[in-house]
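The residues making up each chain are set out below.
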Amino acid sequence: MRNVAYLLAAGGMLAVSLAACGGSGGTSSGSPASSFNAAVNGVVNVSTKTGGIVKYANSGDWDDMDPGDTYYAYTWNFDRLFARTLVTFGDTPQTATTLVPDLATNLGTPSKDLKTWTYTLRPGVKFEDGTPVTSKDVKYAVERSMDSTTFPNGPTYFAQVLDAKGYAGPYKDKTPLKAIDTPNDSTIVFHLAAPFAEFDYLAMLPDTAPVPQAKDTGANYKSHVISTGPYMFQGNYTPGKDFTLVKNPNWSQSTDSVRHQYADQIQVQINAAAPDIDNRLLAGTLGVDITGSGVLPATQAKILLDSKLKQYTDDALTTRLWMSAISPTVAPFDNIHCRKAVEYATDKTAMQTAFGGQLGGDIATTLLPPSIPGYTKFDDYPVGPAGHGDLTMAKQELTACGKPNGFTTTIIARAERPKEVAAALAWQQGLAQIGIKTDIKKFPQGDYFKLYAGNKAAVKKNGYGLMMYGWGADWNDGYGDLSQIVDPRAIHGVGDTNLGVTDPAVSALIDKALQTTDTSARNTIWGQVDKMVMDEAIYVPFLNAKGLYYRPPNLKNVWVNPAFNGQYDYLSISAN
Amino acid sequence: MTVPIEVSGSETQADPEAVLAGLDRKAIEGRSLSQIAWLRLRRDKVALAGGGVVVLLILVAVFEPFLVSWFGHPPNEFHQNLVDPNLGGRPLYGIGHSGISRHFLLGVEPVNGRDLFSRVLHGAQISLLIAFLSTLISVLIGTVLGTVAGYFGGWVDSLIARTMDVFLAFPLLLFAIALAGVVQGKAFGLQGDTLRIVLLIFIIGFFNWAYIGRIIRGQTLTLREREFVDAARAMGARPAYVLFREILPNLIAPILVYSTLLIPTNILFEAALSYLGVGLEEKTATWGSMLAHAAPDYALDLEFVLVPGLAIFITVMAFNLFGDGLRDALDPRAR
């Protein structure tokens, strides 16, 4: 759930260092009393009753309904209702970030060299039409997800990790993929190119949700994904149109340890207006804002000023990091001292204010957020006690760089994200304190990585020295968070998510972590990777984001799931 | 004699008399058309009020730096101690959380806490500068090409009239957005806001001339058939003399009226471009960009929307009222 996952994230987050004030009486009749952050600390409105309809609304649309082609945190969260994967996350707040077997009977069994991973499928799992799920369906699903032309949106981990260089997917490549074996209908074996200790996380990706080859229609498969979960599509899904999920008669509770089938239906509205979503949440006629970007600032103010409303909100810490990048390819940032001057002169408090103050998040100094194992607290470039920048150090670095009077450069930001633009403005003010003059340019977020920030040639040619950026972990672990933004091998020139780290020592350290089987030793290495990258002064992390969410009092089984960026757990929510 | 009324017979001369009926009879004698127009305009209180506001706006725009330094703060200075970041950046003080105080006459902007008074004044300067200069360009091109097309006719007219058609059919807004995207950073030896202001003036001015061009061409077509033009030609006047001494003076009224109506249109166009984010730099205050920033926060601080909104509304209204009154005053057939 990389950057693109946060479509409207900027808009919504707020924050507060509110003392968690409990439901201060005065609850209206029929609405149970609750308390601020109750769903962060446990499950709210526990219920095992069946019936009712859960209503979701999306201010945009899915990148792709096909589980093999999606890269948003909320889609990974929601797709679990109809797509079972080899491995998934636990179903309670305590086990939310723990991997548990789903289609498989156990987590993967690695070979000694960590290059071969074997999974055994649970018996009795069926597709919605009653056909049993076999290991060949899982293999086929992974194969087709590796066709990045037909499916450009999803992550590309399998293509990077499997021993299958140049494989183009089953539509174009008629030679069968040798990197995945299915010796029988219940066993699947993955052969990797290099040791990879975290392969279970890849088995969690929606790419491993089985697809029956006979029903596959390539890019059109999204119109009716064949369900393996407790819910299935009623009729067909058309992009841009609302859809409904109904109970899947061929799903059986006995084969599934994390899912339930409480609600009768799940209805999803597409392209709803964002302010309308907030109003309907407050009125109780809508269950969940599915993108999980939190309420809009105006709604936040309204909620926080009203203790009756505030008791139904949660302000959860996410794994999302708001940061900026400094391009080492743009002069004068080829000189590390000029980069360090920017690090020191950054007014992190003003940027935090732009994102909604303490409710919008906590000031960050590292790439790994505190919620990810391996997080090590350090601050390479302290910005003073009030967080407005350390101007003495900044000027020293500026002098060391040979530009004592400052220089002129460009900040780029995503036009559709008002909070990001506001933060850019705050950054501009901070840098002006030491004579760094900047011009802010805004570009559409859809092209941001293809044509601007993630396009190496464009950055260099147009002199985009400073770039607003945000990142959320693909999964809550050092590799899932860091690899795509710090590994020099993730730079391809276009659509990059690593905006400038080229030191091969970083790659070497990542490889060392991947070959380390001991989890705590591996996590220590992720902390070292973080430090190594921060020492180069390429990223300026400034905020560990929080999101303020509203849960209507009539919603059941609500809890904040840290595995999905602090959104509510869509698998558990029910209506009765 | 440059005024047609005085050379084209007694019937037209009777018109002003009718208007002035009731005034002292002696006043009729020896009044030029402009004197008559001024007399009429003076009696139109609404138009005068509009004109007054226009003059005031121009003064404010010219003396903006002084006004800001006396009554406000630099337009880009942050005052985040005046807002509550946890409540979406709502100003902490003032009536209805507007941030209005002795030091911040129109309150502060949510989130950044910049001074709205200074920003709306700065916006006036930029809006009026762009609107006036772009109108000047449109009127210049439109008048020259319109009179040439109308007077000479034939293939010259066909060529210019078709060019006008092309310009009229031009998707100006889309082109402006595209051009603002293409021209990056530095160009023509200019950069930053200077470049963007020049670019906006050029886009708005250069692509709007066809409207006034059409009107001028139509007027010229009728004027060139009039007796006084025939008389001038018969006496051997060259085309340049006829154009500048006989026809152009008679076009002053439509040009003036059209200019006063084009200026508010251009103010709105500039505001629309800034609202869409293709105007000036992010930090620079213009009325359109202020509105764009205020839109998502209207529920937090309504005043934030009202200030730039009212500024646009009052300015456009003042220009329109004045233009309307001017048209009535200059048109001998009105009333």
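Residues numbered from 1 in each chain as written. Chains lettered and ligands numbered in written order. Predicted model: local features only at pLDDT ≥ 70, side-chain atom pairs only at ≥ 80, totals over all residues.

### As for the overall build of chain B
- The helix and strand inventory of chain B stands at 14 helices and four strands.
- Counting every position in chain B, which comprises 335 residues, the buried fraction comes to 41%.
- Here the contacts in chain B between residues at least 6 apart in sequence split such that 70% fall between residues at least 24 apart. (Helix = DSSP H or I, 4+ residues; strand = E, 2+ residues; numbered from the N terminus. Buried ≥ 20, exposed ≤ 12 C-beta atoms within 10 Å, placed from the backbone. Contact = placed C-beta atoms within 7 Å.)

### Brief notes about the overall build of chain A
- Helix and strand counts for chain A stand at 19 helices and 19 strands.
- Relative to its length of 576 residues, chain A is compact, with a C-alpha radius of gyration of 24 Å against a globular reference of 25 Å.
- Along the three orthogonal principal directions, the C-alpha set of chain A runs to about 70 × 65 × 40 Å.
- Restricting to contacts in chain A with at least 6 residues of sequence separation, those with at least 24 account for 74%. (Rg over C-alpha atoms; globule rule 2.2 N^0.38 Å.)

### Things to note about helix H18 (residues 504–514) of chain A
Residues and elements named next belong to chain A.
- By the burial criterion, the buried members of H18 are Val-506, Leu-509, Ile-510, Ala-513 and Leu-514. For H18, the buried positions fall inside an angular range of 140 degrees around the axis, keeping them on one side. Facing away from the buried side of H18 by over 90 degrees, the exposed positions are Pro-504, Ala-505 and Ala-508. (Arc of directions from axis to C-beta.)

### A few points about the domain arrangement of chain A
Residues and elements named next belong to chain A.
- For chain A, the domain assignment lists domain 1 (87–221) and domain 2 (320–545).
- Computed from C-alpha coordinates alone, the two centres of domain 1 and domain 2 are separated by 33 Å.
- Taken together, the contact between domain 1 and domain 2 spans nine residues of the former and 11 residues of the latter.
- Its residues assigned to classes, the side of domain 1 that touches domain 2 shows seven nonpolar, one polar and one charged. (Domains from an automatic or database assignment. Nonpolar A, V, L, I, M, F, W, Y, C, P; charged D, E, K, R; others polar.)

### What about the nonpolar core?
- Among the nonpolar cores identified, the biggest contains 235 residues, and Met-351, Ala-423, Ala-453, Met-467, Val-529, Val-533 and Tyr-568 of chain A are the most heavily contacted of them.
- Inspection of this core shows a minimum of three residues originating in each of domain 1 (87–221) and domain 2 (320–545) of chain A. (Core = buried A, V, L, I, M, F, W, Y, C linked by C-beta atoms within 7 Å.)

### Some points on unusual backbone geometry
Residues and elements named next belong to chain A.
- In this chain, Ala-331 is followed by Pro-332 through a cis amide linkage whose omega measures 5 degrees.
- Position of Pro-332 relative to the elements: it lies in the loop between strand E12 (313–326) and helix H10 (336–345).
- The backbone phi angle of Asn-557 is positive, close to 55 degrees, even though this residue is not glycine.
- By the element assignment, Asn-557 lies in the loop between strand E17 (539–550) and strand E18 (560–561).

### Focus: the confidence of the model for chain B
- In this model, chain B carries a mean pLDDT of 84, and residues with pLDDT of at least 70 account for 89%.
- Note on residues 1–14 of chain B: pLDDT under 50 across the span, and 15 contacts to partners over four residues away in sequence or across chains. (pLDDT = per-residue confidence, 0-100.)

### Some details on the interface of chain B and chain A
- Taken together, the contact pairs 21 residues of chain B with 27 residues of chain A.
- Grouping the amino acids of the side of chain B that touches chain A by side-chain chemistry returns seven nonpolar, nine polar and five charged.

### Describing the sheet that holds strand E4 (residues 109–110) of chain A
All names here are of chain A.
- If you walk across this open sheet you meet the four strands as E4-E5-E7-E6, and the pairing is antiparallel. In this open sheet, the two edge strands, each paired with only one partner strand, are E4 and strand E6 (180–184).
- Looking at chain direction, E6 and strand E7 (residues 187–191) are connected through three bridges and run antiparallel. Residue pairing in the sheet places Ile-180 in a bridge with Phe-190 of E7.
- The strands touched by helix H4 (residues 135–145) are E6 and E7; relative to E6, the strand with the most contacts, the crossing angle is about 170 degrees. (Pairing = 2+ DSSP bridges. Axes fitted to C-alpha atoms, helices over the stretch in contact; angles between N-to-C directions.)

### Side note on the environment of Ala-537 of chain A
- As for its placement among the helices and strands, Ala-537 of chain A is situated in the loop between helix H19 (519–535) and E17.
- The sequence separation of Ala-537 of chain A and Lys-340 of chain A amounts to 197 residues, and the corresponding C-alpha distance is 5.8 Å.

### Notes on the environment of Thr-135 of chain B
Residues and elements named next belong to chain B.
- For Thr-135, the position within the fold is in helix H6 (residues 116–152).
- Along the chain, Thr-135 and Leu-145 lie 10 residues apart, while their C-alpha atoms are 15 Å from each other.
- If we skip the residues at most four places from it in the chain, Thr-135 touches Ser-259, Leu-262, Ile-263 and Asn-266.

### Some details on the pairing of E17 of chain A
Residue and element names in this part refer to chain A.
- Of all 12 residues in E17, 12 are buried, a share of seventy percent or more.
- Relative to E17, E12 is paired through 10 bridges, and the arrangement is antiparallel. Counterpart to Trp-322 in the pairing with E17 is Leu-543.
- The sheet contact formed by strand E13 (residues 361–363) and E17 spans three bridges and is antiparallel. By the bridge assignment for E17, Asp-362 is matched with Asn-544.

### Focus on the sheet that holds strand E11 (residues 288–289) of chain A
Residue and element names in this part refer to chain A.
- Spatial ordering of the open sheet is given by E8-E9-E10-E1-E11, a layout of five strands whose pairing is mixed. On the outer flanks of this sheet lie strand E8 (231–233) and E11, each paired with one strand and no other.
- Bridge analysis of strand E1 (residues 53–57) against E11 gives two bridges, and the strand direction is parallel. Within E11, the residue paired with Ala-57 across the bridge is Asp-289.

### Side note on the confidence of the model for chain A
- Here chain A averages 88 in pLDDT, while 95% of its residues score no lower than 70.
- Contacts of residues 1–29 of chain A to residues separated by more than four positions or lying in other chains number 100 contacts, the stretch itself having pLDDT below 50.

### Details of the packing of helix H5 (residues 64–71) of chain B against H6 of chain B
All names here are of chain B.
- Following both chains from N to C, one finds H5 and H6 inclined at 180 degrees, their axes separated by 10 Å at the closest point. It follows that H5 is roughly antiparallel to H6 by the angle criterion. Every residue of H6 that contacts H5 at Glu-64, Leu-67, Val-68 and Phe-71 is listed here: Phe-117, Ser-118, Leu-121, His-122, Ala-124 and Gln-125.
- Within the contact of H5 with H6, the residues separate by chemical class into six nonpolar, three polar and one charged. (Parallel < 35°, antiparallel > 145°, perpendicular 65-115°, else oblique.)

### Digging into helix H13 (residues 287–294) of chain B
All names here are of chain B.
- Counting buried positions along H13 yields seven of eight residues, so the element is predominantly enclosed.
- Of the positions making up H13, those classed as buried are Trp-287, Gly-288, Ser-289, Met-290, Leu-291, His-293 and Ala-294.
- Those residues of H13 hidden inside the fold are in contact with H6, helix H12 (239–275) and helix H14 (302–330).

### A closer look at the environment of Val-142 of chain A
- Considering the arrangement of structural elements, one finds Val-142 of chain A in helix H4.
- Val-142 of chain A has contacts with Phe-158, Ile-180, Asp-207 and Thr-208 of chain A, leaving out every residue within four places of it along the chain.

### A short note on the pairing of strand E9 (residues 243–247) of chain A
Residue and element names in this part refer to chain A.
- Two strands pair when backbone bridges link them, and E8 and E9 are joined in this way by three bridges, in the antiparallel orientation. Looking at the pairing, Met-232 lines up with Val-246 of E9.
- The sheet contact formed by E9 and strand E10 (residues 265–269) spans four bridges and is antiparallel. Following the sheet pairing, Phe-243 is matched in E10 by Val-268.

### Observations regarding the packing of H6 of chain B against helix H9 (residues 192–206) of chain B
Residue and element names in this part refer to chain B.
- It is at 8 Å that the axes of H6 and H9 come closest, and there the two elements cross at 40 degrees. As far as their axial angle goes, H9 and H6 are oblique. Seen along the crossing, H6 lies across H9 with a hand that is right-handed. Counted together, Ile-130, Leu-133, Ser-134, Ile-137 and Ser-138 of H6 and Ile-197, Leu-200, Ile-201, Ile-204, Gly-205 and Phe-206 of H9 form the full contact between these two elements.
- For the contact of H6 with H9, the residue count by class is eight nonpolar, three polar and no charged. (Left-handed = near helix turned anticlockwise from the far one by under 90°.)

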